[in-house]
Amino acid sequence: MIDLGLYNYWIVIALMMSGLYALIARGNLIRKLIGLNIFQASVFLLYISVGFVRDGAAPILAPDVESYSNPLPHVLILTAIVVGVATTALGLALAVRIHGAYGSIDDDVLDRQRD
Amino acid sequence: MIEELIDVLLLVALLLVALQVIGSRGLLAAIMTFGAFSLVCAGLFITLDAVDVAFTEAAVGAGVATLLMLAALRRCGGEPEESPRVHWGGLVTVLVLGGLLVWGIRDLPPVGLADNPAHEHVAPRYLEQSGTEIGIPNVVTSVLASYRGFDTLGEVVVIFTAGLGVWLLLSGRRPEEEE
(Lines give C-alpha, C1' and ligand atoms only; values in the text may rest on other atoms or scores of the structure.)
Protein backbone atom coordinates (compact mmCIF):
# COMPACT_ATOMS: atom_id res chain seq x y z
CA MET A 1 0.00 0.00 0.00
CA ILE A 2 1.45 3.33 -1.01
CA ASP A 3 0.37 6.14 1.26
CA LEU A 4 0.02 9.19 -0.95
CA GLY A 5 0.02 11.58 2.01
CA LEU A 6 0.53 15.08 0.68
CA TYR A 7 2.53 13.92 -2.34
CA ASN A 8 -0.02 15.22 -4.90
CA TYR A 9 0.09 18.68 -3.31
CA TRP A 10 3.90 18.86 -3.47
CA ILE A 11 3.86 18.17 -7.18
CA VAL A 12 1.02 20.68 -7.60
CA ILE A 13 3.15 23.37 -5.93
CA ALA A 14 6.20 22.50 -8.06
CA LEU A 15 4.06 22.72 -11.23
CA MET A 16 2.45 25.96 -10.09
CA MET A 17 5.82 27.57 -9.41
CA SER A 18 7.34 26.45 -12.72
CA GLY A 19 4.33 27.88 -14.55
CA LEU A 20 4.65 31.15 -12.62
CA TYR A 21 8.39 31.30 -13.35
CA ALA A 22 7.72 30.90 -17.09
CA LEU A 23 5.11 33.63 -16.83
CA ILE A 24 7.60 36.03 -15.18
CA ALA A 25 10.88 35.14 -16.85
CA ARG A 26 10.11 34.49 -20.51
CA GLY A 27 9.70 37.50 -22.77
CA ASN A 28 7.67 35.91 -25.56
CA LEU A 29 3.94 36.48 -25.05
CA ILE A 30 2.94 33.00 -26.31
CA ARG A 31 5.43 31.47 -23.86
CA LYS A 32 3.90 33.55 -21.08
CA LEU A 33 0.48 32.13 -21.99
CA ILE A 34 1.89 28.59 -21.94
CA GLY A 35 3.23 29.31 -18.45
CA LEU A 36 -0.20 30.58 -17.42
CA ASN A 37 -1.75 27.37 -18.76
CA ILE A 38 0.65 25.21 -16.73
CA PHE A 39 -0.24 27.26 -13.64
CA GLN A 40 -3.93 26.66 -14.41
CA ALA A 41 -3.43 22.92 -14.88
CA SER A 42 -1.78 22.75 -11.45
CA VAL A 43 -4.86 24.36 -9.88
CA PHE A 44 -7.08 21.81 -11.65
CA LEU A 45 -4.90 19.06 -10.25
CA LEU A 46 -5.16 20.53 -6.74
CA TYR A 47 -8.97 20.43 -6.83
CA ILE A 48 -9.16 16.94 -8.34
CA SER A 49 -6.70 15.66 -5.70
CA VAL A 50 -8.90 17.14 -2.96
CA GLY A 51 -11.94 15.36 -4.44
CA PHE A 52 -10.21 11.99 -4.75
CA VAL A 53 -11.37 9.17 -2.46
CA ARG A 54 -9.13 6.10 -2.29
CA ASP A 55 -10.96 2.91 -3.35
CA GLY A 56 -13.86 5.08 -4.46
CA ALA A 57 -15.35 4.85 -7.92
CA ALA A 58 -15.81 7.59 -10.49
CA PRO A 59 -19.05 9.43 -9.56
CA ILE A 60 -21.34 7.54 -11.92
CA LEU A 61 -24.10 5.81 -9.95
CA ALA A 62 -24.01 2.01 -10.13
CA PRO A 63 -26.06 -0.50 -8.10
CA ASP A 64 -23.28 -2.29 -6.20
CA VAL A 65 -20.84 0.57 -5.59
CA GLU A 66 -20.76 2.21 -2.17
CA SER A 67 -17.91 4.72 -2.26
CA TYR A 68 -17.55 7.42 -4.89
CA SER A 69 -15.08 10.25 -5.39
CA ASN A 70 -16.42 13.71 -4.68
CA PRO A 71 -18.28 14.99 -7.79
CA LEU A 72 -18.28 18.68 -6.81
CA PRO A 73 -14.60 19.49 -7.57
CA HIS A 74 -15.05 17.73 -10.92
CA VAL A 75 -17.91 20.06 -11.82
CA LEU A 76 -15.97 23.16 -10.76
CA ILE A 77 -12.93 22.11 -12.77
CA LEU A 78 -14.98 21.26 -15.86
CA THR A 79 -16.16 24.86 -15.81
CA ALA A 80 -12.65 26.12 -15.10
CA ILE A 81 -11.08 24.23 -18.04
CA VAL A 82 -13.52 25.78 -20.49
CA VAL A 83 -13.13 29.26 -19.00
CA GLY A 84 -9.34 28.74 -19.07
CA VAL A 85 -9.33 28.06 -22.79
CA ALA A 86 -11.50 31.14 -23.34
CA THR A 87 -8.90 33.23 -21.46
CA THR A 88 -6.11 31.67 -23.50
CA ALA A 89 -7.94 32.49 -26.74
CA LEU A 90 -8.35 36.13 -25.69
CA GLY A 91 -4.68 36.36 -24.68
CA LEU A 92 -3.56 34.87 -27.99
CA ALA A 93 -5.79 37.30 -29.89
CA LEU A 94 -4.14 40.16 -27.99
CA ALA A 95 -0.72 38.76 -28.91
CA VAL A 96 -1.69 38.60 -32.59
CA ARG A 97 -3.00 42.17 -32.42
CA ILE A 98 0.20 43.39 -30.70
CA HIS A 99 2.25 41.67 -33.39
CA GLY A 100 0.14 43.39 -36.04
CA ALA A 101 0.69 46.81 -34.47
CA TYR A 102 4.32 46.62 -33.29
CA GLY A 103 5.83 43.75 -35.31
CA SER A 104 6.93 41.77 -32.27
CA ILE A 105 5.46 39.71 -29.43
CA ASP A 106 8.60 39.81 -27.30
CA ASP A 107 8.27 41.78 -24.10
CA ASP A 108 11.89 43.02 -24.15
CA VAL A 109 11.72 44.11 -27.78
CA LEU A 110 8.46 45.96 -27.08
CA ASP A 111 10.05 47.65 -24.06
CA ARG A 112 12.99 48.82 -26.16
CA GLN A 113 10.62 50.18 -28.83
CA ARG A 114 8.92 52.32 -26.21
CA ASP A 115 12.16 53.89 -24.94
CA MET B 1 -2.08 -0.13 -4.81
CA ILE B 2 -1.61 -0.06 -8.58
CA GLU B 3 -3.68 3.15 -8.80
CA GLU B 4 -1.42 4.94 -6.34
CA LEU B 5 1.66 3.74 -8.21
CA ILE B 6 0.29 5.07 -11.51
CA ASP B 7 -0.59 8.35 -9.77
CA VAL B 8 2.97 8.75 -8.46
CA LEU B 9 4.55 7.94 -11.83
CA LEU B 10 2.20 10.17 -13.83
CA LEU B 11 2.78 13.11 -11.49
CA VAL B 12 6.55 12.79 -11.92
CA ALA B 13 6.06 12.52 -15.70
CA LEU B 14 3.83 15.60 -15.63
CA LEU B 15 6.45 17.67 -13.82
CA LEU B 16 9.19 16.54 -16.23
CA VAL B 17 7.04 17.36 -19.27
CA ALA B 18 6.19 20.77 -17.77
CA LEU B 19 9.89 21.57 -17.27
CA GLN B 20 10.51 20.42 -20.84
CA VAL B 21 7.75 22.76 -22.09
CA ILE B 22 9.26 25.71 -20.25
CA GLY B 23 12.88 24.96 -21.21
CA SER B 24 12.31 23.90 -24.82
CA ARG B 25 13.96 25.80 -27.65
CA GLY B 26 11.61 27.12 -30.28
CA LEU B 27 7.96 28.04 -29.89
CA LEU B 28 6.66 25.16 -32.01
CA ALA B 29 8.40 22.62 -29.77
CA ALA B 30 7.01 24.37 -26.67
CA ILE B 31 3.45 24.28 -28.02
CA MET B 32 3.61 20.64 -29.08
CA THR B 33 5.06 19.51 -25.74
CA PHE B 34 2.34 21.56 -24.07
CA GLY B 35 -0.18 19.36 -25.93
CA ALA B 36 1.60 16.30 -24.49
CA PHE B 37 1.46 17.94 -21.05
CA SER B 38 -2.33 18.27 -21.32
CA LEU B 39 -2.63 14.64 -22.38
CA VAL B 40 -0.61 13.42 -19.36
CA CYS B 41 -2.84 15.65 -17.25
CA ALA B 42 -5.92 13.92 -18.71
CA GLY B 43 -4.45 10.51 -17.89
CA LEU B 44 -3.84 11.65 -14.33
CA PHE B 45 -7.46 12.82 -14.00
CA ILE B 46 -8.61 9.30 -14.96
CA THR B 47 -6.53 7.70 -12.19
CA LEU B 48 -8.01 10.27 -9.79
CA ASP B 49 -11.56 9.13 -10.80
CA ALA B 50 -12.41 12.37 -12.61
CA VAL B 51 -13.42 10.84 -15.93
CA ASP B 52 -15.50 13.79 -17.16
CA VAL B 53 -12.66 16.19 -16.41
CA ALA B 54 -10.26 13.90 -18.27
CA PHE B 55 -12.48 13.96 -21.38
CA THR B 56 -12.69 17.72 -21.27
CA GLU B 57 -8.98 18.20 -20.64
CA ALA B 58 -8.07 15.88 -23.54
CA ALA B 59 -10.49 17.58 -25.93
CA VAL B 60 -10.16 21.21 -24.81
CA GLY B 61 -6.68 21.36 -23.24
CA ALA B 62 -4.75 19.05 -25.55
CA GLY B 63 -6.96 19.75 -28.56
CA VAL B 64 -8.45 23.23 -28.76
CA ALA B 65 -5.85 25.15 -26.70
CA THR B 66 -2.93 23.63 -28.65
CA LEU B 67 -4.69 24.39 -31.92
CA LEU B 68 -5.32 28.01 -30.90
CA MET B 69 -1.65 28.43 -29.97
CA LEU B 70 -0.56 26.96 -33.31
CA ALA B 71 -2.91 29.36 -35.12
CA ALA B 72 -1.46 32.30 -33.18
CA LEU B 73 2.08 31.09 -33.90
CA ARG B 74 1.23 31.00 -37.62
CA ARG B 75 0.20 34.64 -37.52
CA CYS B 76 2.95 36.05 -35.34
CA GLY B 77 5.77 33.49 -35.29
CA GLY B 78 9.08 33.50 -37.09
CA GLU B 79 10.60 36.01 -34.70
CA PRO B 80 14.00 34.85 -33.38
CA GLU B 81 13.72 34.18 -29.66
CA GLU B 82 16.29 35.54 -27.28
CA SER B 83 18.09 32.69 -25.55
CA PRO B 84 16.64 32.12 -22.08
CA ARG B 85 18.70 33.45 -19.24
CA VAL B 86 18.08 33.11 -15.54
CA HIS B 87 15.67 35.75 -14.29
CA TRP B 88 16.86 36.16 -10.70
CA GLY B 89 13.96 38.27 -9.50
CA GLY B 90 11.48 35.73 -10.85
CA LEU B 91 13.45 32.82 -9.40
CA VAL B 92 13.55 34.34 -5.92
CA THR B 93 9.83 35.21 -6.07
CA VAL B 94 8.94 31.68 -7.14
CA LEU B 95 11.14 30.02 -4.51
CA VAL B 96 9.80 32.20 -1.68
CA LEU B 97 6.19 31.71 -2.78
CA GLY B 98 6.74 27.96 -3.23
CA GLY B 99 8.29 27.72 0.23
CA LEU B 100 5.31 29.54 1.73
CA LEU B 101 2.90 27.19 -0.06
CA VAL B 102 4.77 24.07 1.13
CA TRP B 103 4.65 25.50 4.65
CA GLY B 104 0.92 26.15 4.20
CA ILE B 105 -0.15 22.73 2.90
CA ARG B 106 1.25 20.84 5.89
CA ASP B 107 -2.11 21.34 7.57
CA LEU B 108 -4.10 19.76 4.74
CA PRO B 109 -5.49 16.26 5.35
CA PRO B 110 -3.78 13.47 3.33
CA VAL B 111 -5.01 12.86 -0.23
CA GLY B 112 -7.70 10.20 -0.66
CA LEU B 113 -9.15 9.66 2.81
CA ALA B 114 -12.92 9.14 2.72
CA ASP B 115 -13.57 11.30 5.81
CA ASN B 116 -11.72 14.40 4.60
CA PRO B 117 -13.65 17.62 5.31
CA ALA B 118 -14.16 18.22 1.58
CA HIS B 119 -16.37 15.11 1.37
CA GLU B 120 -18.58 15.90 4.37
CA HIS B 121 -20.57 18.91 3.24
CA VAL B 122 -22.82 18.84 0.17
CA ALA B 123 -21.25 16.01 -1.85
CA PRO B 124 -22.98 13.12 0.03
CA ARG B 125 -26.35 14.70 -0.69
CA TYR B 126 -25.59 14.86 -4.42
CA LEU B 127 -24.44 11.24 -4.39
CA GLU B 128 -27.48 9.98 -2.44
CA GLN B 129 -30.30 12.10 -3.88
CA SER B 130 -29.39 12.96 -7.47
CA GLY B 131 -30.31 9.48 -8.73
CA THR B 132 -33.94 9.95 -7.73
CA GLU B 133 -34.16 13.74 -8.02
CA ILE B 134 -32.59 14.17 -11.45
CA GLY B 135 -32.56 10.60 -12.74
CA ILE B 136 -29.14 10.66 -14.46
CA PRO B 137 -26.55 8.10 -13.35
CA ASN B 138 -23.64 10.50 -13.93
CA VAL B 139 -23.60 12.71 -10.82
CA VAL B 140 -21.23 15.23 -12.42
CA THR B 141 -23.76 15.87 -15.19
CA SER B 142 -26.60 16.25 -12.66
CA VAL B 143 -24.67 18.81 -10.64
CA LEU B 144 -23.39 20.66 -13.70
CA ALA B 145 -26.66 20.95 -15.56
CA SER B 146 -29.17 21.03 -12.73
CA TYR B 147 -28.01 21.80 -9.16
CA ARG B 148 -25.40 24.30 -10.28
CA GLY B 149 -27.01 25.26 -13.59
CA PHE B 150 -26.44 28.97 -12.91
CA ASP B 151 -22.68 28.30 -12.77
CA THR B 152 -22.91 26.82 -16.22
CA LEU B 153 -24.91 29.82 -17.40
CA GLY B 154 -22.16 32.07 -16.07
CA GLU B 155 -19.59 29.93 -17.88
CA VAL B 156 -21.49 30.40 -21.15
CA VAL B 157 -21.52 34.17 -20.57
CA VAL B 158 -17.73 34.11 -20.05
CA ILE B 159 -17.18 32.13 -23.25
CA PHE B 160 -19.48 34.47 -25.17
CA THR B 161 -17.60 37.51 -23.84
CA ALA B 162 -14.24 35.96 -24.70
CA GLY B 163 -15.47 35.05 -28.19
CA LEU B 164 -16.74 38.60 -28.67
CA GLY B 165 -13.38 39.98 -27.49
CA VAL B 166 -11.41 37.75 -29.86
CA TRP B 167 -13.66 38.73 -32.74
CA LEU B 168 -13.38 42.45 -32.00
CA LEU B 169 -9.58 42.25 -31.61
CA LEU B 170 -8.96 40.33 -34.80
CA SER B 171 -11.54 41.88 -37.11
CA GLY B 172 -10.84 45.50 -36.15
CA ARG B 173 -9.13 47.97 -38.45
CA ARG B 174 -5.35 47.80 -38.60
CA PRO B 175 -3.35 50.97 -37.82
CA GLU B 176 -2.12 51.28 -41.41
CA GLU B 177 -5.69 51.37 -42.69
CA GLU B 178 -6.61 54.26 -40.43
CA GLU B 179 -4.31 56.76 -42.11
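See the structure printed just above.
Residues numbered from 1 in each chain as written. Chains lettered and ligands numbered in written order. Predicted model: local features only at pLDDT ≥ 70, side-chain atom pairs only at ≥ 80, totals over all residues.

A separate point is the overall build of chain A. In terms of regular secondary structure, chain A is built from four helices and zero strands. The order of helices and strands in chain A, counted from the N terminus, is α-α-α-α. Relative to the compact-globule value of 13 Å for 115 residues, chain A shows a C-alpha radius of gyration of 19 Å, a clear excess of over 25%. The C-alpha extent of chain A, read off along each of the three principal axes, is 65 × 25 × 15 Å. Within chain A, the fraction of its 115 residues that count as buried is 56%. Considering only intrachain contacts with a sequence separation of at least 6, the fraction spanning at least 24 residues in chain A is 41%. (Helix = DSSP H or I, 4+ residues; strand = E, 2+ residues; numbered from the N terminus. Rg over C-alpha atoms; globule rule 2.2 N^0.38 Å. Buried ≥ 20, exposed ≤ 12 C-beta atoms within 10 Å, placed from the backbone. Contact = placed C-beta atoms within 7 Å.)

Across the contact, 76 residues belong to chain A and 83 residues belong to chain B. Counting residues per element, the side of chain A that touches chain B draws most heavily on helix 3 (residues 71-102) of chain A, which supplies 25 residues. Across the side of chain A that touches chain B, the residue classes tally to 50 nonpolar, 20 polar and six charged. (Nonpolar A, V, L, I, M, F, W, Y, C, P; charged D, E, K, R; others polar.)

Our next topic: unusual backbone geometry. With phi around 65 degrees, D55 of chain A is a residue other than glycine that occupies positive phi space. Examined against the element boundaries, D55 of chain A turns out to sit in the loop between helix 2 (29-51) and helix 3. For D49 of chain B, which is not glycine, the phi dihedral falls at a positive 70 degrees. Within the secondary structure, D49 of chain B is located in the loop between helix 2 (27-47) and helix 3 (51-76). Taking the number of C-beta atoms within 10 Å as the measure of exposure, D49 of chain B has 25 and is therefore buried.

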